[in-house]
Amino acid sequence: MAGPAGVAARSRMELSNPEYRPDPTLDRAEMEAQQREVARAAMFADDGSVDPAAVAVGEAGADGAGIVVGVDQAFQDDEAVSAAVAIRDGTVLEETIERAPVSIPYIPGLLSYREAGAIIEALEALTVTPDVVVFDGSGRIHYRQAGIATHVGVCFDVPAVGVTKTLLCGTPQQSLADPLPVETRVAIAADDAVEPVVTDDGDWPVIGAAYQTRQFPDTERRHVNPVYVSPGHRVDVGTAVDVVAATCAGYKLPEPTRLADAAADRG
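All of the points below concern the structure found in this document. (Residues numbered from 1 in each chain as written. Predicted model: local features only at pLDDT ≥ 70, side-chain atom pairs only at ≥ 80, totals over all residues. Heavy atoms only, no water.)

## A closer look at the overall build of the protein chain
For the record, the criterion: Strands are runs of DSSP state E lasting at least two residues, helices are runs of H or I lasting at least four, and both sets are numbered from the N terminus onward. Whether two residues are in contact is decided by their heavy atoms: any pair within 4.5 Å suffices. In these tables, accessible area is a Shrake-Rupley quantity obtained with a 1.4 Å probe, and a residue counts as shielded only by the protein chains included in the view. The charge count treats Lys and Arg as positive and Asp and Glu as negative. His and the chain ends do not count. A charge is said to be at NZ when it belongs to Lys, at CZ for Arg, at CG for Asp and at CD for Glu.
Helix and strand counts for the protein chain come out as five helices and nine strands. Moving toward the C terminus, one meets the helices and strands of the protein chain in the order α-β-β-β-α-β-α-β-β-β-β-β-α-α. Here the C-alpha coordinates of the protein chain stretch approximately 50 × 50 × 40 Å along the principal axes. Within the protein chain, residue pairs in contact and separated by at least 24 positions form 67% of the contacts whose partners lie at least 6 positions apart. Summed over all atoms, the accessible surface of the protein chain reaches about 11,700 Å², with 47% contributed by carbon and sulfur. Where the 20 positive side-chain charges of the protein chain centre and where its 41 negative ones centre are 4 Å apart.

Rendered as structure tokens:
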């Protein structure tokens, strides 16, 4: 999809750390070892490069508004179809769709090795450089703290956020059994399913948050569940949630991944 007139293209995305590119021919032990390396290379802290207000969708952003890219996947026969949609100030600048063969089955915790080939190609095909990439998939909320948002984020060394509809691992710090009001944030701490399991001072580290993006007025009749947000790379939990809050545009899911989902389904 070509960008609108007057939009200047920036440099294409390139892999900064190709040694971490997921290789589906590795055995499981090798994949898990590489994920641990990726987690050590990841920055789960805010480096100051992402301004959530500048990538806001559905409202005016700051002067020189930033670019947010959404990434999502679909499957057709034996192929993964990945879409990357670049948005600035609520306007779609560009859409890329790439395909890659699926060579391994779905294995919880090893999604990168099944899907990242097409995702990386879709991101490499962009002619704009994002300020942040939002993935339909986990970041630090992962058994080895290296979900697809972290793995691909580290490969490109780009700020990255993971968003999922289900919780892969970790323990919410308050009950999620009852419907939550809009904008509620509930910290997700690591538990014994996550390695390493504790911080240097012996506490469970916070690895993400449940965030309530929207809610029905009458929650006794029906309600919306929260999404699960985690830092992928170069953002902390707070900034990751702020990015999701700024890009939801009235829907449960962030607009960048919602549009990427539709693009991937179109193939």
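Moving on from the model shown.
## Quick notes on the nonpolar core
Put simply, the rule is: Buried Ala, Val, Leu, Ile, Met, Phe, Trp, Tyr and Cys residues form a nonpolar core when they are joined through side-chain atoms within 4.5 Å. Buried residues are those whose accessible area, probed at 1.4 Å on protein chains only, stays under 20% of the maximum for their type, while exposed residues exceed 50% and partly exposed ones sit between those limits.
Ranked by size, the top nonpolar core spans 31 residues in total, and within it V69, V71, L123, F135, V152 and F156 carry the most contacts. Elements with a contribution of two residues or more to this core: α1 (28-41), β1 (67-76), β2 (79-88), α2 (111-124), β4 (132-136) and α3 (148-156). By residue number, the principal contributor to this core is α3, which donates six residues. Sequence-distant contacts of V152, defined by excluding residues within four places in its chain, comprise A116, I119, I120, L123 and F135. V68, V163, A240 and V241 belong to the second-largest nonpolar core, a separate cluster that totals 26 residues.

## Remarks on empty space enclosed by the protein
Rules: A pocket, in this scheme, is an open set of points on a 1 Å grid over the protein atoms alone with protein on both sides within 12 Å along at least 5 of 7 lines, while a cavity is a set where a 1.4 Å probe fits but cannot get out; residues line either one if an atom lies within 4 Å of a point. Grid points are joined across faces, edges and corners, and a volume is the space filled by probe spheres set on the points. Polar here means any residue other than Ala, Val, Leu, Ile, Met, Phe, Trp, Tyr, Cys and Pro, which are nonpolar, and Asp, Glu, Lys and Arg, which are charged; Gly is therefore polar.
Counted by the stated rule, this structure contains one cavity of 30 Å³ or more. Within this model, the largest cavity holds a volume of roughly 30 Å³. Taken together, L176, D178, P179, L180, Q212, Q215, H223, V224, N225 and P226 make up the full set of residues lining the largest cavity. In the lining of the largest cavity, the residues fall into five nonpolar, four polar and one charged.

## Overview of the pairing of β2
Put simply, side chains in a regular strand alternate between the two faces of the sheet. Spelled out, the test is: Two strands pair under a simple rule: DSSP has to find at least two bridges between them.
Extensive coverage of β2 is indicated by the burial of eight of its 10 residues. As judged from the 10 bridges shared by β1 and β2, these two strands associate in the antiparallel manner. Note that in β2 the partner of D72 across the bridge is A83. Here β1 folds back onto β2, and the loop between the two strands holds two residues, one of which, D77, carries a positive phi near 55°. Note: β2 against strand β3 (residues 91-101), 10 bridges, orientation antiparallel. The residue of β3 that forms the bridge with A86 is E94. The antiparallel hairpin formed by β2 and β3 contains two residues in its connecting segment, where D89 sits at a positive phi of about 50°.

## A closer look at helix α5 (residues 255-266)
Put simply, the rule is: Here the expected length of a helix is defined as 1.5 Å per residue gap, with one fewer gap than residues.
End to end, α5 covers 17 Å across 12 residues, agreeing with the expected 16 Å (1.5 Å per residue, within 8%). Regarding α5, the residues found buried are E255, P256, T257, A260, A263 and A264. Tucked into the core, α5 has its buried residues touching β1, β2, β3, β4 and α4 (237-247). Looking at the residues trailing α5, positive phi occurs at G267, about 70°.

## Here's the deal with the side chain of H142
Structurally, H142 is set in the loop between β4 and α3. Classification of H142 by relative accessible area gives buried; the value is 3%. For H142, the residues in contact, after removing those within four places along its chain, are Q35, G109, G147, L168, C169 and V194.

## Thoughts on the pattern of salt bridges
Filter applied, for reference: Salt bridges are defined by distance alone: a side-chain nitrogen of Lys or Arg within 4 Å of a carboxyl oxygen of Asp or Glu.
Here the structure, examined in full by the defined rule, presents nine salt bridges. Taking the shortest distance from any N to any O, the salt bridge between R234 and D47 comes out at 2.6 Å. Here R234 is found in the loop between β9 (227-233) and α4, whereas its partner D47 is found in the loop between α1 and β1, with 187 residues between them in sequence. On the basis of relative accessible area, D47 is assigned to the partly exposed category, the value being 32%. When the shortest N-O distance is used, the salt bridge between E95 and R266 registers 2.9 Å.

## A short note on the packing of aromatic side chains
As a reminder, the rule being used: Paired rings are identified among Phe, Tyr and Trp, the last through its six-membered ring, by centres lying within 6.5 Å, and are further divided according to the angle between planes into stacked (under 30 degrees), edge-to-face (over 60) and tilted (the rest). Any Lys NZ or Arg CZ that is within 6 Å of a ring centre and within 35 degrees of that ring's normal is treated as a charge sitting over the ring.
What the rule picks out here adds up to zero aromatic pairs. It is R114 that lies over the ring of F75; its NZ or CZ is 4.6 Å from the centre.

## Points about α2
Rule in force here: Bend at a residue means the angle formed by two fitted axes: the first through the 7 residues ending at that position, the second through the 7 residues beginning there.
Relative to the 20 Å expected for 14 residues at 1.5 Å per residue, α2 spans 19 Å between its end C-alpha atoms, a close match to the ideal helical length. Of all the bends found along α2, the most pronounced is centred on G117 and spans about 40°. With 10 of 14 residues buried, α2 lies mostly within the body of the structure. All buried positions along α2 are accounted for by S112, Y113, R114, E115, A116, A118, I119, I120, A122 and L123. Considering only its buried residues, α2 is in contact with α1, β1, β2, β3, β4 and α3.

By themselves, these observations are geometric and do not establish any function.
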